[in-house]
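# Structure at a glance
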Amino acid sequence: MEDGNGPFMVQYAASDASGGQFRGALREAAIAGVIMVGLALPLVGFQLENQTGGGVAIRYRFDWVVIAALVTFFGRFAIAMARPWLAGAFGGASAGASGVRTQRERAASRVTSARLGLAIGLVALVLPFLPIADRYVVDTATTVMIYVMLGLGLNIVVGLAGLLDLGYVAFYAVGAYAFALLSTTYGLSFWICLPLAGIMAAFFGILLGFPVLRLRGDYLAIVTLGFGEIIRVVLINFDALTGGPNGIGGIPRLTFFGYPFINRAPEGVTAFHELFGIPFAPIHRVIFLYYVIFALVLITAVVSMRLRRLPIGRAWEALREDEIACRSLGINVTMVKLSAFAIGATFGGFAGTFFAARQGLVSPESFTFWESALVLMIVVLGGLGSQVGVVIAAIAVVALPEFSRDLAQFRMLAFGAAMVALMVWRPGGIIGARAPSLRLGRTPARTAREA
């Protein structure tokens, strides 16, 4: 029996749900605002100023605390109110979606990622010749490329194999110091030292892999962190080999197949600008360095992509999902882990070699734990296992603080806010979908034949 109040009951339920969402968002925003007051009051609420006649005075900046609390309150309120819409827009396929629809969506996601990667690659290829590309822009892009290469190397260890490595900077340092020692002691060129430094970094990767074969999770992270610190301490204290805190200087700079980028070449030596009959410009060397690291990044990306489709790549992904299942299937987990550490370390050694050739000087201050944390941040923000995500995250993490220097003391605040917004919007990473390299199941053609 109907009472005729059906539409009114639906409308009342909808308004009640809306009111509950509003009250929940308001309560959540108020709590966040109070927490921000507690954090901002000791950090920015007081400032010490030197007096003209001597002494120190306290300057009160309670208006900054109020502004921070209001921004946090309204920002959190907006996020809470928009959460249902964000869940509907980015939450993926619904629970009732069929398997065919899910596969199609994943295929479309892979196509979108491939197109995005191709677009980024084309822009990177022509970047030095764009109107906005001065020396500062090209130098910054070169730095981004170095971190992209480091991110791709660590992505093999963390993203594909699922081994949390907090000491990846050690392989970066090994590659840099290997090139510095070989070039300054034996006079070897960059192109000869590049594979040698990669092999040496791979050896250290295997050296790290053996002690951590039975470790997982937090314990693995602690051991790798200790390994990175051991390498840094050795670089500081082994003065006879590494130069100690002063490092190694006088590293030969890269040349264009023997043609140096100098204004006046010694007798019998042809400079780069003389070879092509163009006026000398310092930016020529900067552009050449950019294309060298661009080529190394392309090689790293292609090799990583091919390895992922090989049996070793599928073994990495299986190890990431369930190590016990890997052992039960007869997979040699020891060799899988060691191969991930070795190949990831090789790419880190390549990046270190280029870094040393670009800087002309290496010192322990360039290989601190912050570098490992930064590379790990790139991998996580980009999406574990995603190469395109690593590229985008490297641009965001490295280039965003660099191009926001005009914000002065608010630069890191803006950077942190951008990272928080990114993780709220995409908690699984910029490209968080991890599609398997090999999918088992019935193909449409086989299903049609059996029907």
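Description of the structure in this document. Bear in mind the structure is a predicted one, so any value in this text is a computation, not a measurement.

Helices and strands together make up the secondary structure of the protein chain, namely 17 helices and 4 strands. When each of the 451 residues of the protein chain is scored for burial, the buried share is 38%. Contacts spanning at least 24 positions in sequence make up 72% of the contacts within the protein chain whose residues lie at least 6 apart. With an accessible surface of roughly 25200 Å², the protein chain has 67% of that area assigned to carbon and sulfur atoms.

Our next topic: unusual backbone geometry. Excluding glycine, residues mostly carry a negative phi; peptide bonds, for their part, are mostly trans. Despite not being glycine, Phe257 shows a phi value in the positive range, around 50°. Take Phe257: it is sitting in the loop between strand E3 (248-249) and helix H9 (272-276).

Right, let's get into the pattern of salt bridges. The final tally for this structure, using the stated rule, is 9 salt bridges. One salt bridge connects Glu49 with Arg59, and the closest N-O pair in it is separated by 3.6 Å. Of this pair, Glu49 sits in strand E1 (residues 46-50) while Arg59 sits in strand E2 (residues 56-60), and the two are 10 residues apart along the sequence. On the basis of relative accessible area, Glu49 is assigned to the partly exposed category, the value being 32%. With a shortest N-O distance of 3.8 Å, Asp139 and Arg135 are connected by a salt bridge. Of this pair, Asp139 and Arg135 both sit in helix H4 (residues 135-160), 4 residues apart, roughly one helical turn. By relative accessible area, Asp139 is classed as partly exposed at 26%. Residues participating in the shared-partner salt-bridge network are Arg135, Asp139 and Arg358.

Right, let's get into the packing of aromatic side chains. With the rule as written, the count across this model stands at 26 aromatic pairs. Ring geometry for Phe46 and Phe62: centres 5.7 Å apart, planes at 85°, overall edge-to-face. Taken as a pair, Phe46 in strand E1 and Phe62 in helix H2 (residues 62-90) lie far apart in primary sequence, 16 residues in all. For Phe46, a relative accessible area of 37% gives the class partly exposed. Among the aromatic side chains, those forming a connected cluster through ring pairs are Phe256, Phe257, Phe261, Phe272, Phe276 and Phe288. Above the ring of Trp64, the side-chain terminus of Arg61 is found at 4.1 Å from the ring centroid.

Glancing now at the environment of Ala80. Topologically, Ala80 is positioned in helix H2. Sequence spacing of Ala80 and Ala25 is 55 residues, and the spatial spacing of their C-alpha atoms is 5.1 Å.

The next point concerns the pairing of E1. As paired elements, E1 and E2 share 5 bridges and run antiparallel to each other. Bridge assignment links Glu49 to a residue of E2, and that residue is Ala57. In this antiparallel pair of consecutive strands, E1 and E2, the connection spans 5 residues, and Gly54 shows a positive phi of 105°.

This brings us to the packing of helix H14 (residues 369-382) against helix H15 (residues 387-403). Direction vectors running N to C along H14 and H15 enclose 125°, while the axes themselves pass 8 Å from each other. In terms of orientation, H14 lies oblique with respect to H15. Crossing of H14 over H15 shows right-handed handedness. In contact with Leu374, Met377, Ile378, Val379, Leu381 and Gly382 of H14, H15 contributes Gly389, Val390, Ala393, Ala394, Val397 and Val398. Each residue belonging to the contact of H14 with H15 can be placed in one class, and the counts come to 10 nonpolar, 2 polar and no charged.

Analysis parameters
- Residues numbered from 1 in each chain as written.
- Predicted model: local features only at pLDDT ≥ 70, side-chain atom pairs only at ≥ 80, totals over all residues.
- Heavy atoms only, no water.
- Helix = DSSP H or I, 4+ residues; strand = E, 2+ residues; numbered from the N terminus.
- Buried < 20%, exposed > 50% of the residue type's maximum accessible area, 1.4 Å probe, protein only.
- Contact = heavy atoms within 4.5 Å.
- Areas by Shrake-Rupley, 256 points an atom, 1.4 Å probe, with all protein chains shown as cover.
- Salt bridge = Lys/Arg side-chain N within 4 Å of Asp/Glu carboxyl O.
- Phe/Tyr/Trp six-rings, centres within 6.5 Å; stacked < 30°, edge-to-face > 60°.
- Lys NZ or Arg CZ within 6 Å of the ring centre and 35° of its normal.
- Pairing = 2+ DSSP bridges.
- Axes fitted to C-alpha atoms, helices over the stretch in contact; angles between N-to-C directions.
- Parallel < 35°, antiparallel > 145°, perpendicular 65-115°, else oblique.
- Left-handed = near helix turned anticlockwise from the far one by under 90°.
- Nonpolar A, V, L, I, M, F, W, Y, C, P; charged D, E, K, R; others polar.

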